[in-house]
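Remarks on the overall topology
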Amino acid sequence: MSQAPHRAILISHNGGPEVLQMTEQDSRKPRADEVRVRVLASGVNFVDIYQRTGLYQAPLPYVPGGEMCGVVEALGKNVSEFSVGELVASATAGSGCYAEVVNVAADRLVKVPRGLEPRTVAGMMLKGLTAHYLLRQVYRVGAEDTILIHAAAGGVGQIMVQWAKALGATVIGTVGSAGKAKLARALGCDLVIDYSRQDFVKAVKKFTQGEGVPVVYDSVGAATFPASLDCLQRFGLFVSFGNASGPVPPFSPALLAQKGSLFMTRPTLFDFVRTPAQLRAAASELFKVVKQGKVRVTVSEAYPLADAARAQADLEARRTTGSIVLVP
Ligand SMILES: NC(=O)c1ccc[n+]([C@@H]2O[C@H](COP(=O)([O-])OP(=O)(O)OC[C@H]3O[C@@H](n4cnc5c(N)ncnc54)[C@H](OP(=O)(O)O)[C@@H]3O)[C@@H](O)[C@H]2O)c1
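Sequence positions are assigned chain by chain, starting from 1 and proceeding in written order. Local features in this predicted model are restricted to residues whose pLDDT is 70 or higher, and side-chain atom pairs enter the listing and the counts only when it is 80 or higher, whereas totals over whole chains, interfaces and linings include all residues.

1. Concerning the overall build of the protein chain
Secondary structure summary: the protein chain contains ten helices and 15 strands in total. For 328 residues, the compact-globule estimate of 2.2 N^0.38 gives 20 Å, and the C-alpha radius of gyration of the protein chain, at 20 Å, lies within 12% of that figure. For the protein chain, the spread of C-alpha atoms along the principal axes amounts to about 65 × 40 × 35 Å. Per-residue burial for the protein chain yields a buried fraction of 45% across its 328 residues. We call two residues in contact when their backbone-placed C-beta atoms lie within 7 Å. In the protein chain, of all internal contacts separated by at least 6 residues, the share reaching a separation of at least 24 is 67%. By the criteria applied, helices consist of DSSP H or I runs no shorter than four residues and strands consist of E runs no shorter than two, each listed in order from the N terminus. Atoms considered for the radius of gyration are the C-alpha atoms alone. The globule rule reads 2.2 Å times the number of residues to the power 0.38. Once C-beta atoms are placed from the backbone, each residue is buried if 20 or more other C-beta atoms lie within 10 Å of its own, exposed if 12 or fewer, and partly exposed for counts between those two.

2. What to know about the domain arrangement of the protein chain
Interfaces are often sized by the amount of accessible area the parts lose when they come together. The split of the chain into domains comes from an automatic or database domain assignment. Structurally, the protein chain comprises domain 1 (2-124 + 297-327) and domain 2 (128-269). On the domain 2 side, the residues contacting the twelve residues of domain 1 number 14 residues. When residues are sorted by character, Ala, Val, Leu, Ile, Met, Phe, Trp, Tyr, Cys and Pro go into the nonpolar class, Asp, Glu, Lys and Arg into the charged class, and all the rest, Gly among them, into the polar class. Split by residue class, the side of domain 1 that touches domain 2 holds six nonpolar, five polar and one charged.

3. Remarks on the site of the ligand
The ligand sits among 31 residues. The nearest are Gly154, Gly155, Gly176, Ser219 and Gly242. Looking at the shell around the ligand, the elements with two or more residues in it are α1 (46-53), α3 (125-138), α4 (155-166) and α10 (308-316). Of the residues belonging to the shell around the ligand, the class tally is 14 nonpolar, 13 polar and four charged. Lining the shell around the ligand are residues from two domains, each supplying at least three of them: domain 1 (2-124 + 297-327) and domain 2 (128-269). We call a residue near a molecule or strand if the C-beta atom, set from the backbone, is within 6 Å of it.

4. Observations concerning α4
Take the residue count of a helix, subtract one, and multiply by 1.5 Å to get its expected span. Here α4 contains twelve residues, and its C-alpha end-to-end distance of 17 Å stays within 8% of the 16 Å for a straight helix at 1.5 Å per residue. Buried residues dominate α4, accounting for ten of its twelve residues. Along α4, the residues that are buried comprise Gly155, Val156, Gly157, Gln158, Ile159, Met160, Val161, Gln162, Trp163 and Ala164. One or two steps after α4, the chain reaches Gly168, where phi turns positive at roughly 95 degrees.

5. Here's the deal with the sheet that holds strand β9 (residues 170-175)
Pairing between two strands is assigned when DSSP locates at least 2 bridges connecting them. The strand order across the open sheet built from six strands is β10-β9-β8-β11-β12-β13, with neighbouring strands paired in parallel fashion. Pairing within the sheet leaves two strands with one partner each, and these edge strands are β10 (191-194) and β13 (263-265). Each strand of the sheet is rotated relative to its neighbour by a mean of 15 degrees, with strand direction disregarded. Of the pairings in the sheet, the one linking strand β8 (residues 146-149) to β9 comprises four bridges and is parallel in character. Among the inter-strand pairings, Ile149 is bridged to a residue of β9, identified as Gly173. For every element, the axis is a line fit to its C-alpha atoms; helices are fit only across the contacting stretch, and the angle between N-to-C directions ranges from 0 to 180 degrees.

6. A word on α10
Turning to α10, its buried residues number three or more, namely Ala308, Ala311, Gln312 and Leu315. Along the long axis of α10, the arc covered by the buried residues comes to 95 degrees, so they all point the same way. The positive-phi residue at the C-terminal boundary of α10 is Arg318, with phi of around 65 degrees. The arc in question is the one spanned by the directions pointing from the helix axis to the C-beta atoms.

7. Topic: the environment of Leu255
By secondary structure assignment, the location of Leu255 is in helix α7 (residues 254-258). Sequence separation between Leu255 and Pro226 is 29 residues; the distance between their C-alpha atoms is 9.2 Å. Apart from the residues within four sequence positions on either side, Leu255 is in contact with Pro226 and Leu229.

See the structure below:
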């Protein structure tokens, strides 16, 4: 049975931001294991751009967005852990969040603790859970570590810098402009490198007395490869977790030997929050650091849902800092 129609952004074919089109859709009843959520804000992420352009596959047509915060409006018949009126959030809904209403599988939802602003929550779920697995699971960052985080003033970057500082690490952050450098410094970076003007390998080597760092977190991709490998100490870990400038080109594993018996991983959030228990444990860690004030999530702009194309264009063109959200 369908309900009152709602507005949603639809992508019918791959392309530039102009393929994000506002539509009216019939709201349907949630399936047995789903929850229908009235969206208060949805997060805009680089993964949404990869899917729009076709770099990552998404079945067409689809409503983009996996990250949102909203209020429970209806429950599928098998759902007992949520109640109508409750504030909930998702990071890995898969799709559907660029809308006024979305049906989300209950096992992809978390309850939002009191005291958190819905827009802030929409801007921190996917990015914050990513920061969590990168800093706590892929490599366990501690006070003895000096680490390199690329795109430190971005959505994931801002959360990572603050969280790594809270863990006691020394943090080197790269950024693409003077304005972003100021932001990264204010977030707590011990060294900020403007890689649009400086050689970041040289700067990292100088800061670490020629030693290099044990881990590089690289979401920039093509533009920082293979230079990121040269920032690592022997046996260091290259974490390639994004392609903002394009994918890392194919290379021979022998390169890792030449550069000091390095390790490399190419992780994705979905594997780290695959089960509801993993998702809820990670979300609870994230909510804790935010509520304690160790990590401040900045939503630098809230765009009307109708301006989804402008929001993605701004993110893609490096005009944004921190998180950006859409408000229906
Ligand atoms: N694997 C995972 O599990 C996972 C999960 C979430 C996000 N990610 C990745 O994490 C990264 C950050 O995501 P986000 O949504 O928070 O975006 P973001 O960091 O806010 O934006 C991307 C930033 O990358 C930098 N950049 C460098 N070269 C670029 C280029 N040629 N074009 C565009 N940007 C460029 C820009 O910062 P500067 O101007 O300072 O260089 C830009 O602001 C993305 O690569 C995303 O795919 C991965």
